[in-house]
Amino acid sequence: MIVLAIVNQKGGVGKTVTAVNVAHGLALRGYRTLLMDLDPQGNVADCLGLPAGNDLFRILFPGNTVPLQEGVYPSGRPNLDVVRSDKTSVSLKTAIGSLSDRPREYILDDVLQDAPYDVIVLDCAPSIDILHTLAIVAAHYVLIPTRLDQLAVKGVRDMLYTIKSLARISTCELGAIIPTFYDRTTNESYLQLRHLAENFKEFVWPPIPQDVLCRESTRFGKTLWEYAPTARALVGYNERSGKTVGGYQQVIDRIEEVILR
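I will try to describe carefully the structure that is included in this document. (Residues numbered from 1 in each chain as written. Predicted model: local features only at pLDDT ≥ 70, side-chain atom pairs only at ≥ 80, totals over all residues. Heavy atoms only, no water.)

### So, the packing of helix α1 (residues 15–28) against helix α13 (residues 248–259)
- Here α1 crosses α13 at 60°, and the two axes come no closer than 10 Å. Judged on the interaxial angle alone, α13 and α1 are oblique. For the crossing formed where α1 meets α13, the hand is right-handed. Listed contacts from α13 to V17, T18, N21, V22, G25 and L26 of α1 are Y248, V251, I252 and I255.
- Split by residue class, the contact of α1 with α13 holds seven nonpolar, three polar and no charged. (Axes fitted to C-alpha atoms, helices over the stretch in contact; angles between N-to-C directions. Helix = DSSP H or I, 4+ residues; strand = E, 2+ residues; numbered from the N terminus. Parallel < 35°, antiparallel > 145°, perpendicular 65-115°, else oblique. Left-handed = near helix turned anticlockwise from the far one by under 90°. Contact = heavy atoms within 4.5 Å. Nonpolar A, V, L, I, M, F, W, Y, C, P; charged D, E, K, R; others polar.)

As structure tokens, then:
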């Protein structure tokens, strides 16, 4: 089992869209996948067209937990289960933060031990809080989506610093940086992508093209694989050489080649 945390301390970078489409893409390739929403906004359920729920609260609340398999919610899609989150996760953070016995940072890691999945994808809130820390401790790798602008790229460095600061209690590694909202018509996108590649080299994966279909699919409660299987954000864009570059399809390819090998 491999645990992937989708993280960035800056909001608006396409984090939940990435988590949802990566999780469903892996499920479509036959991997038993669990998608966990660690954000009190509960956007994962909305993106999948599911009713809101407090699954995360039920699974993690100290002294009042249910087994993981009793807390997951079926997504209605083969090989894909979901742990939903809602505003009760705010009180969950308070309860976990007040613990003083076994290191609280391991609560999620303990729950996920021996879970019957090939891959678990954690969608984290755009902030540093106890749930964010739990995710990094439980994850084997982090995937960092980032817009291609100066402030978002700074968020990548902040995220890497956070991972380093938790090295004493976490073995989590950087899996990839995923450039999102890539616009080939703007010089800023190109320059920021080049900057990322120069500084983080092989950890920078092909970009996700800017695509209005990402917003549309979310509004209809569907993943891109269901709503628009030929969307640029999925299949990438064609270079002059005829080669296809980028898109979530290539992200799934890279996960299989680099992480699930």
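### Looking at the packing of aromatic side chains
- Counting across every chain of the model gives three aromatic pairs.
- Between F220 and Y227, the aromatic rings sit 5.4 Å apart at their centres with planes inclined by 20°, giving stacked as the arrangement.
- For Y227, a relative accessible area of 27% corresponds to the partly exposed category.
- Across the ring face of Y73, the terminal group of R84 is positioned such that the distance to the ring centre comes to 3.8 Å.
- Of note, R147 hangs over the ring of F181, and the distance from its end group to the ring centre comes to 3.7 Å. (Phe/Tyr/Trp six-rings, centres within 6.5 Å; stacked < 30°, edge-to-face > 60°. Buried < 20%, exposed > 50% of the residue type's maximum accessible area, 1.4 Å probe, protein only. Lys NZ or Arg CZ within 6 Å of the ring centre and 35° of its normal.)

### A few points about the environment of D158
- Position of D158 among the secondary structure elements: in helix α8 (residues 150–165).
- Separated by 34 residues in sequence, D158 and Q192 have C-alpha atoms that sit 16 Å apart.

### Notes on the nonpolar core
- If you look at the biggest cluster of nonpolar residues, it comprises 50 residues, and the most contacted ones within it are M36, L108, I120 and L122.
- It is helix α7 (residues 130–138) that contributes the most residues to this core, seven residues altogether.
- Residue contacts for L122: discarding those within four places in its chain leaves V3, L4, A5, I6, M36, L38, L108 and A135.
- Counting 37 residues, the second largest nonpolar core, distinct from the first, contains A19, L50, C214 and L234. (Core = buried A, V, L, I, M, F, W, Y, C linked by side-chain atoms within 4.5 Å.)

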